[in-house]
Structure formats: structure tokens, C-alpha cells
Amino acid sequence: MSFKKQYLKSKPVCKVTFKLEKELVGDANSVQILGDFNAWDKGAEEMKKLKSGGFSAVVEFPIDQEFECRYLVNGSEWLNDAEADGLVRNEFGEENFVVST
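Let me sum up the structure you'll find in this document. These numbers come from a predicted model, not from an experiment.

**Let's talk about the nonpolar core**
- Judged by nonpolar contacts, the single largest core of 22 residues is most densely connected at Phe-18, Val-31, Ile-33, Met-47 and Tyr-71.
- Secondary structure elements with two or more residues in this core: strand 2 (13-20), strand 3 (31-35), strand 5 (55-62), strand 6 (66-73) and strand 9 (95-100).
- Apart from the residues within four sequence positions on either side, Ile-33 is in contact with Phe-18, Asn-38, Met-47, Ala-57, Val-59, Cys-69, Arg-70, Tyr-71 and Phe-97.

Written out as C-alpha cells, the structure is:
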């Protein structure tokens, strides 16, 4: 798991590239990145499946904010990013990972 931030000079946006390796998701058919930025909408676009079997997605976030996120694998298994900027407890007694821009 990892994500990489790229701050744009042309507008107040941070492009974040999220990647999940095959070792973490096994033979998953789908992975989504969900969070407060997309209202935790399970109908949100799926991450792109890579030839390696991993998944990737690019999301543009406004700068100077924090966003809670989680990966949803095959519509049922939640994962956090080990390299997140932080973790916060959610209302289900679990944790969401934080992306700070």
C-alpha cells in the first residue's frame, strides 16, 4: 500500500495516486477508494486493475485539508493504508486512514 502526493502549481489541488499491490488484495476483482471526499459512496468508480494484479487510482483533493479514507476490496473487506498520514477512529469502532494535503 502506498500513496504519492503531487501538488499542482496551476491550481490549489493535490493529486494523490493510490496503489495497492497484489500481495495485499490477492485475486480481488474490485477495489475502491472511499472516504469523506466522495461521501463513502459504494457506487463510486473502482480503482484501475493493473497487469501486476494490483490496483491504482488518482484522486484530486483540495489543498490544506484532511480526508478520511479506506479501501474497499470486493465490496466487503475494508483496508487502511499503512503509509497514511494518520489514523482516526470511526463510528464503527474501527479506524480510517487520513490523507493530509
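**A word on the pattern of salt bridges**
- Counted under the stated rule, the structure contains four salt bridges.
- Linking Lys-5 and Asp-85 is a salt bridge whose minimum nitrogen-to-oxygen distance equals 2.6 Å. One end of the pair, Lys-5, is in strand 1 (residues 2-7); the other, Asp-85, is in the loop between strand 7 (77-79) and strand 8 (86-89), with 80 residues separating them in the sequence.
- Residue classification places Lys-5 among the partly exposed positions, given a relative accessible area of 29%.
- Judged by its relative accessible area of 40%, Asp-85 is partly exposed.
- With a closest N to O distance of 2.7 Å, Glu-94 and Arg-70 form a salt bridge. In this pair, Glu-94 is assigned in the loop between strand 8 and strand 9 and Arg-70 in strand 6, connecting sequence segments 24 residues apart.
- The class for Arg-70 is buried, based on a relative accessible area of 8%.

**What about the packing of aromatic side chains?**
- Counted according to the given criterion, the structure contains nine aromatic pairs.
- Ring centres of Tyr-71 and Phe-97 lie 5.3 Å apart, and the angle between their planes is 35 degrees; on these two criteria the pair is classed as tilted. Taken as a pair, Tyr-71 in strand 6 and Phe-97 in strand 9 lie far apart in primary sequence, 26 residues in all.
- By relative accessible area, which is 0% here, Phe-97 ends up buried.
- Cluster of aromatic residues (ring-pair linked, three or more members): Phe-3, Phe-18, Phe-37, Phe-61, Phe-67, Tyr-71 and Phe-97.

**Focus on the state of the cysteines**
- Summed over all chains, the structure comprises zero disulfides.
- Free of any disulfide, Cys-14 has its nearest cysteine sulfur in Cys-69, 12 Å distant.

Conventions and cut-offs
- Residues numbered from 1 in each chain as written.
- Predicted model: local features only at pLDDT ≥ 70, side-chain atom pairs only at ≥ 80, totals over all residues.
- Heavy atoms only, no water.
- Core = buried A, V, L, I, M, F, W, Y, C linked by side-chain atoms within 4.5 Å.
- Buried < 20%, exposed > 50% of the residue type's maximum accessible area, 1.4 Å probe, protein only.
- Helix = DSSP H or I, 4+ residues; strand = E, 2+ residues; numbered from the N terminus.
- Contact = heavy atoms within 4.5 Å.
- Salt bridge = Lys/Arg side-chain N within 4 Å of Asp/Glu carboxyl O.
- Phe/Tyr/Trp six-rings, centres within 6.5 Å; stacked < 30°, edge-to-face > 60°.
- Disulfide = S-S within 2.5 Å.

So yeah, pure geometry; function would need other evidence.
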